[in-house]
Amino acid sequence: MLKSYLKYRFKSVNAHGLHSPFVYEFYTKVVKSAKKRNENRIEKLRKSLIKDQSIVEVSDLGAGSKSSKSTQRKINEITKSASIPPKFGRLIQAIIGFYNCKELLELGTSMGIGSAYMVSASNSPRLTTIEGCPNIAAKAKANFDALNLDNIDLLIGDFDTVLGNKINPDKIFDLIYIDGNHAYEPTMRYFEFALKHTDEDSFIVFDDIYWSDGMTKAWEEIKKLDKIHVSMDLFRMGIVCKKQKQRKQDFILKY
Ligand SMILES: C[S@@+](CC[C@H](N)C(=O)[O-])C[C@H]1O[C@@H](n2cnc3c(N)ncnc32)[C@H](O)[C@@H]1O
């Protein structure tokens, strides 16, 4: 991870290094504005969850947590280890608002912090979010209620099952956020689903692209595919777009 981070720091560029108009706009209008945003309501909720010592029985259907292998986990520990950090919550929210992404899909709800950032974007989008652990999903639902967020469809079950059974085969999402089961094979499978359910203007966002060798392998392969013409590496997050009219290019952006 440290080696990947040093490589990222060395290679990442700011606006001066960007010759693609799309990525220049993305950097100057979205990434820059994301730095200045403030989501006090959501951060207040995060703070209260970080103080919450109550225990939930978790059934992890994914690659698990690096910090704990126990099935009995405290809310505070789950919140700290699994939730999107504020900086990246602000970024995904800024993308959704700026590009008017209306239909959103999130794989991996956890406490719902990422979901809350996404649906609180300025364009009032609609989110479908999937969580495999029913007890965690119940906490997320309570958190959505506490924040008065009602434009969220929370589906409970394994990603593969829910994607296969509950998502209309013709459905197109403007943004898909893949944030659970951080291993190579499932990530590639979710990406295949994402390819079928997005169009030229959509964003496919991966969290934790350097979390494991498997994630990094998936990221490197996805970037190379002909179907993907723009990739943006922000170290924690990797974002790809089809944009077939653009010259195929990979960008490493300072954030
Ligand atoms: C990193 S957390 C999600 C964090 C959330 N997106 C955020 O930004 O706050 C990943 C979640 O995905 C769930 N998960 C992992 N693998 C899964 C699978 N195969 N099916 C359903 N849920 C899964 C875990 O239970 C966990 O709650």
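Everything that follows concerns the structure shown earlier in this document.
Report on the accompanying structure. Keep in mind it's a predicted model, so treat the numbers as computed, not measured.

**Let's talk about a positive patch on the surface**
Alright, step 1. A surface patch of like charges, here positive, comprises R9, K32, K35, K36 and K87.
Alright, step 2. If you tally residues by element for the positive patch, the top one is helix α2 (residues 21-36), at three residues.
Alright, step 3. Note that R9 resides in helix α1 (residues 2-11).

**A word on the site of the ligand**
Alright, step 1. Looking at the ligand, there are 22 residues lining it, with E106, G108, E131, G132 and D179 nearest.
Alright, step 2. Take G108: an N or O atom from its main chain is 2.7 Å from a nitrogen atom of the ligand.
Alright, step 3. Here G132 contributes a backbone N or O atom positioned 2.9 Å from a nitrogen atom of the ligand.
Alright, step 4. Notes on the ligand: free accessible area 610 Å², of which the protein chains cover 94%.
Alright, step 5. Taken together, the residues of the shell around the ligand break down into seven nonpolar, ten polar and five charged.

**Things to note about the packing of aromatic side chains**
Alright, step 1. Under the counting rule described, the total for this entry stands at 15 aromatic pairs.
Alright, step 2. On the basis of an interplanar angle of 15° and a centroid distance of 6.4 Å, the ring pair of F26 and Y99 is categorised as stacked. Of this pair, F26 sits in helix α2 while Y99 sits in the loop between α5 (86-98) and β3 (103-107), and the two are 73 residues apart along the sequence.
Alright, step 3. Considering the side-chain rings of F191 and F206, the 6.1 Å spacing of their centres and the 45° angle between planes classify their relative orientation as tilted.

**With respect to a nonpolar patch on the surface**
Alright, step 1. A grouping of L2, Y5 and L6 is seen on the molecular surface, where their side chains present a nonpolar patch of about 310 Å² in accessible area.
Alright, step 2. Within the fold, L2 resides in helix α1.
Alright, step 3. Looking at L2, the relative accessible area reads 62%, which means it is exposed.

**Here's the deal with unusual backbone geometry**
As a rule of thumb, non-glycine residues mostly have phi less than zero, and peptide bonds are mostly trans rather than cis.
Alright, step 1. A positive phi angle, close to 50°, is found at N100, a residue other than glycine.
Alright, step 2. Examined against the element boundaries, N100 turns out to sit in the loop between α5 and β3.
Alright, step 3. You will see that N148, though not glycine, has its phi angle at about 55°, which is positive.
Alright, step 4. Tracing the backbone through its elements, the reader meets N148 in the loop between α7 (134-146) and β5 (152-156).

**Describing the pattern of salt bridges**
Alright, step 1. Within the structure shown, the criterion is met by nine salt bridges.
Alright, step 2. Between K171 and E103 there is a salt bridge, with the nearest N and O atoms lying 2.8 Å from each other. Taken together, the positions of K171 in the loop between α8 (159-166) and β6 (175-178) and E103 in strand β3 put the pair 68 residues apart, joining distant regions of the chain.
Alright, step 3. Between K141 and D145 there is a salt bridge, and its shortest N-O distance comes to 3.0 Å. With K141 and D145 both in helix α7 and four residues apart, this pair spans about one turn of that helix.
Alright, step 4. Given a relative accessible area of 42%, D145 falls into the partly exposed group.
Alright, step 5. The structure contains a network of salt bridges with shared partners spanning D207, D208 and R236.

Conventions adopted
- Residues numbered from 1 in each chain as written.
- Predicted model: local features only at pLDDT ≥ 70, side-chain atom pairs only at ≥ 80, totals over all residues.
- Heavy atoms only, no water.
- Patch = residues over 30% accessible without salt bridge, like charges linked within 9 Å, V, L, I, M, F, W, Y side chains within 5 Å.
- Areas by Shrake-Rupley, 256 points an atom, 1.4 Å probe, with all protein chains shown as cover.
- Salt bridge = Lys/Arg side-chain N within 4 Å of Asp/Glu carboxyl O.
- Lys, Arg positive; Asp, Glu negative; His and termini not counted.
- Charge placed at Lys NZ, Arg CZ, Asp CG, Glu CD.
- Helix = DSSP H or I, 4+ residues; strand = E, 2+ residues; numbered from the N terminus.
- Near = heavy atom within 4 Å.
- Polar contact = N/O pair within 3.5 Å; in protein donor to acceptor, adjacent residues only side chain to side chain.
- Nonpolar A, V, L, I, M, F, W, Y, C, P; charged D, E, K, R; others polar.
- Phe/Tyr/Trp six-rings, centres within 6.5 Å; stacked < 30°, edge-to-face > 60°.
- Buried < 20%, exposed > 50% of the residue type's maximum accessible area, 1.4 Å probe, protein only.

It is worth stressing that arrangement in space is one thing and function is another; only the former is reported here.
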